[in-house]
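Coordinate analysis (summary)
Listed here are the chains, written in short residue letters.
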Amino acid sequence: MLEVSDIHTFYGSSHVLHGVSLRVAAGQVITVLGRNGMGKTTLIRSIVGFTPPRRGTVSFRGAPIHGLRPFAIARLGIGLVPQGRRIFPSLSVQENLRVAARPGRWDLDGVYALFPRLHERAANRGHQLSGGEQQMLAIARALMTNPDLLLLDEPSEGLAPLLVAEVARALGQLRAQGMAILLVEQNLPMAVGLADHAYVLSKGRVVYDGSPAALWADEARKAELLGV
Ligand SMILES: Nc1ncnc2c1ncn2[C@@H]1O[C@H](COP(=O)(O)OP(=O)(O)O)[C@@H](O)[C@H]1O
Ligand SMILES: [Mg+2]
């Protein structure tokens, strides 16, 4: 479904991604792990067109997308849950969801069924929500665009364990429904519990490409690559 091939991405003259390749097949959950500053968000930005790669290719359903503008990439069916959530603070929960809506199987009823808490908070404004509720809203908003591929950038960041479990439950439900997911995380247990395949980024390069369970079991590798 998604194929990233040997991309090099820069901020000005700063060379951040050095030949990153990865793939996400239909119905798969892929996780990208790595410590702070290793290039995870830059990888997401490269895929969605915010910071296009200078070299290499990104293909979605077999067609190149690395030259397209962000709105065009989103329209092809790639939904983004950005790091830091970025919901609209002055809009209500329901308005945040409505502005994102595009036709498809996901609608207000569907996302409220996935996150009953959002239904209870439908009339509250974004800035009135807790961090966990904002994260649920960010995920629900991405679903309202009816994507075929969902990209999530550290959805567990800053959340208490109970809320991390709630987000993981929702992602597990999406996975069971066949949604393709690229999950950037620093929470290794959460990522290992969900993912079919793991990549680890270090200084803009892929340094692990394999089974999440094997990485989980390898204490020395975990310490070396993730500092855990
Ligand atoms: N807008 C930017 N301009 C310049 N450098 C940036 C910018 N965003 C990130 N970087 C640098 O790129 C590297 C990778 O950052 P990032 O992709 O955000 O890492 P991660 O998401 O893994 O924490 C870091 O060295 C960071 O300082
Ligand atoms: Mg990041």
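Structure report, in brief. Here the structure is a predicted model, which means the values were calculated and not measured. (Residues numbered from 1 in each chain as written. Chains lettered and ligands numbered in written order. Predicted model: local features only at pLDDT ≥ 70, side-chain atom pairs only at ≥ 80, totals over all residues.)

Remarks on the nonpolar core
With 62 residues, the main nonpolar core has Ala140, Leu151, Ile181, Leu182 and Leu183 as its most contacted residues. In terms of residue count, the dominant contributor to this core is helix H6 (residues 131-144) (8 residues). Each residue touching leucine 183, except ones within four places of it in the same chain, is listed here: Val29, Ile30, Thr31, Leu152, Ala191, Leu194 and Ala195. (Core = buried A, V, L, I, M, F, W, Y, C linked by C-beta atoms within 7 Å. Buried ≥ 20, exposed ≤ 12 C-beta atoms within 10 Å, placed from the backbone. Helix = DSSP H or I, 4+ residues; strand = E, 2+ residues; numbered from the N terminus. Contact = placed C-beta atoms within 7 Å.)

Let's talk about the site of ligand 1
In the vicinity of ligand 1, the contacting residues are Tyr11, Ser14, Val16, Gly34, Asn36, Gly37, Met38, Gly39, Lys40, Thr41 and Thr42. Secondary structure elements with two or more residues in the shell around ligand 1: strand S2 (14-24) and helix H1 (40-48). With 3 residues, H1 is the single largest residue contributor to the shell around ligand 1. (Near = placed C-beta within 6 Å.)

Concerning the pairing of strand S3 (residues 29-33)
For S3, the buried fraction is high: 5 of the 5 residues fall into the buried class. Of the two faces of S3, both are covered, the one formed by Val29, Thr31 and Leu33 as well as the one formed by Ile30 and Val32. Note that S3 and strand S8 (residues 180-185) share 5 bridges and pair parallel. Note on S8: the bridge partner recorded for leucine 33 is glutamate 185. (Pairing = 2+ DSSP bridges.)

Observations regarding the packing of helix H3 (residues 93-100) against H6
Two elements in contact, H3 and H6, have axes whose closest approach is 7 Å; the angle formed by their N-to-C orientations is 30°. Viewed along their axes, H3 and H6 adopt a mutual orientation that is roughly parallel. Note on packing geometry: the crossing formed by H3 with H6 is right-handed. Contact with H3, carried on its side by Val93, Asn96, Leu97 and Ala100, involves Leu137, Ala140, Arg141 and Met144 of H6 and no other residues of that element. (Axes fitted to C-alpha atoms, helices over the stretch in contact; angles between N-to-C directions. Parallel < 35°, antiparallel > 145°, perpendicular 65-115°, else oblique. Left-handed = near helix turned anticlockwise from the far one by under 90°.)

Regarding the sheet that holds strand S5 (residues 63-64)
Two orientations exist for strands paired in a sheet by backbone hydrogen bonds: parallel and antiparallel. The strand order S2-S1-S4-S5 describes an open sheet built from 4 strands, whose pairing is antiparallel. Two strands close off the open sheet at either side, each with one partner strand: S2 and S5. In terms of strand pairing, strand S4 (residues 55-60) meets S5 through 2 bridges, oriented antiparallel. When the sheet's bridge partners are listed, serine 59 is paired in S5 with proline 64. Each of strand S1 (2-11), S2 and S4 is contacted by H1, which is oriented at about 70° to S2, the strand it contacts most.

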